[in-house]
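# Report on the structure
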Amino acid sequence: MNMKLLTLIALCAVTSAYKITQLKVPLYADPRRAAELSCQFEMNDHRLHSVKWYRDLNEIFRYNPSQKPTIRLFNVTGVIVEGGECEGGCCMVRVMPTPVATRAAYSCEISTEGPKFLIARETKLMTVVAMPDKDPVIYGAPKLAKPGDQIVLNCSSDYSLPASDINWYINDELQKPELWHRTELSAVQSGGLRASWRILRLSVPSDVTGALRVRCEAVLSVEPPVIRETSVLMTLFSRTHLSKYVSNRGARIVYQDLMLVSVILSNVNMILSVILS
Ligand SMILES: *[C@@H]1O[C@H](CO)[C@@H](O)[C@H](O)[C@H]1NC(C)=O
Ligand SMILES: *[C@@H]1O[C@H](CO)[C@@H](O)[C@H](O)[C@H]1NC(C)=O
């Protein structure tokens with residue numbers, strides 16, 4: 001600690017409080033790189049004895065300006081402590097979390113000189129999570145479907161830690177997974193990341209008109225949760241309307257569904273794909 005600065009602070013101090021003014025702990029830490037945590041403090045007219053960092057109850061860092069070496073690091077279960085330094089009322093520690101999706105409390109504690117050894121302490125939580133880079137992708141969805149069609153959809157989510165759990169929704173209604181269609185996981189990548197996917201077997205209902213909105217949600221169950229999603233729209237056409245068109249060519253038919261009017265015009269696929277895109 002800079003003695004001139006300490007003296008200056010002591011002379012200018014209007015209050016005698018020693019306190020932690022800013023604690024920076026990332027909400028999420030990526031297991032593939034080290035996270036930097038910093039603790040900024042003011043001593044005012046008190047003298048600093050030590051600064052300590054804890055992960056949960058375990059000490060991982062100690063700065064004691066009157067000892068040699070001034071900084072000591074301690075590896076504990078859950079993190080490798082890669083480095084730490086103190087300068088101008090701020091102590092920084094660099095930790096590499098082990099690739100397990102856990103949440104831990106990181107605390108910074110400053111203590112004044114004896115005989116009182118008064119302490120001030122602040123704590124923040126950090127969760128180990130590797131975010132997916134991309135939204136999930138739905139494979140196998142046709143743009144047009146008709147009642148009775150059997151469709152197999154595959155929602156595939158990007159690599160993450162923890163692996164995403166996948167939920168399917170049809171028109172915003174959660175589809176309960178059948179036992180044999182649970183979320184499947186890929187092999188593990190460095191940093192503990194895995195991709196995942198889940199199949200949805202869909203039989204297009206006959207009592208629905210218009211369109212089916214199929215949505216896939218990739219959920220990382222950490223605290224706070226991380227959710228990414230994607231959706232596709234499948235337009236439904238009815239067999240009876242089409243055959244009516246075929247047998248009444250040229251007749252004046254009023255359809256309520258705008259999509260079906262465009263079917264009459266000419267090329268089914270071409271026009272619909274223009275409208276849908
Ligand atoms: C912490 O563990 C790392 C990796 O095993 C090692 O390189 C480092 O020296 C250890 N640090 C301490 C303070 O024990
Ligand atoms: C679903 O898609 C993923 C990613 O493309 C693939 O690895 C997986 O084999 C597919 N599953 C099925 C049952 O097709």
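Here the structure is shown first, and the text comes after it.
Residues numbered from 1 in each chain as written. Chains lettered and ligands numbered in written order. Predicted model: local features only at pLDDT ≥ 70, side-chain atom pairs only at ≥ 80, totals over all residues. Heavy atoms only, no water.

Attention now goes to the site of ligand 2. Close contacts around ligand 2 come from Tyr139, Asn154, Ser156, Trp197 and Ile199, and that covers them all. In this structure, a nitrogen atom belonging to ligand 2 sits 3.2 Å away from a side-chain N or O atom of Trp197. Among the elements of the structure, strand S13 (150–160) and strand S17 (194–203) are those that each provide at least two residues to the shell around ligand 2. (Near = heavy atom within 4 Å. Polar contact = N/O pair within 3.5 Å; in protein donor to acceptor, adjacent residues only side chain to side chain. Helix = DSSP H or I, 4+ residues; strand = E, 2+ residues; numbered from the N terminus.)

For ligand 1, the full set of nearby residues is Leu73, Asn75 and Ile80. Protein chains shield 35% of the accessible area of ligand 1, which is 360 Å² for the free molecule. (Areas by Shrake-Rupley, 256 points an atom, 1.4 Å probe, with all protein chains shown as cover.)

With that settled, consider the side chain of Ser196. The topology assignment puts Ser196 in strand S17. Here the side chain of Ser196 touches Ser164 through a polar contact of 2.8 Å, landing on its backbone oxygen. Residue contacts for Ser196: discarding those within four places in its chain leaves Cys155, Ser156, Ser157, Ser164, Ile166, Thr183, Glu184 and Leu185. (Contact = heavy atoms within 4.5 Å.)

This paragraph deals with the state of the cysteines. Going through the model one piece at a time under the given rule, you end up with three disulfides. Each disulfide pairs two cysteine sulfurs, and for Cys39 the partner residue is Cys108, the sulfurs being separated by 2.0 Å. Judged by the sign of its S-S torsion, about -80 degrees, the cystine formed by Cys39 and Cys108 is left-handed. One end of the pair, Cys39, is in strand S3 (residues 35–42); the other, Cys108, is in strand S9 (residues 103–112), and 69 residues separate them in sequence. In this pair, the class of Cys39 matches that of Cys108, namely buried. Through a disulfide, Cys86 is tied to Cys91; the S-S separation comes to 2.0 Å. In this structure the cystine formed by Cys86 and Cys91 twists about its S-S bond by roughly 110 degrees; its chirality is therefore right-handed. If you count the bonded cysteines of the chain from the N-terminus, they pair up as 1-4, 2-3, 5-6. Considering cysteine sulfurs only, Cys91 is the nearest to Cys90, which forms no disulfide, with 6.8 Å between them. (Disulfide = S-S within 2.5 Å. Buried < 20%, exposed > 50% of the residue type's maximum accessible area, 1.4 Å probe, protein only.)

Inspection of the entire model under this criterion finds zero aromatic pairs. Geometry around Tyr54 places Arg121 over its ring, the cationic atom sitting 4.8 Å from the centre. Taking NZ or CZ as reference, Arg215 lies 4.2 Å from the ring centre of Tyr169, over its face. (Phe/Tyr/Trp six-rings, centres within 6.5 Å; stacked < 30°, edge-to-face > 60°. Lys NZ or Arg CZ within 6 Å of the ring centre and 35° of its normal.)

Structural measurements only, silent on function.
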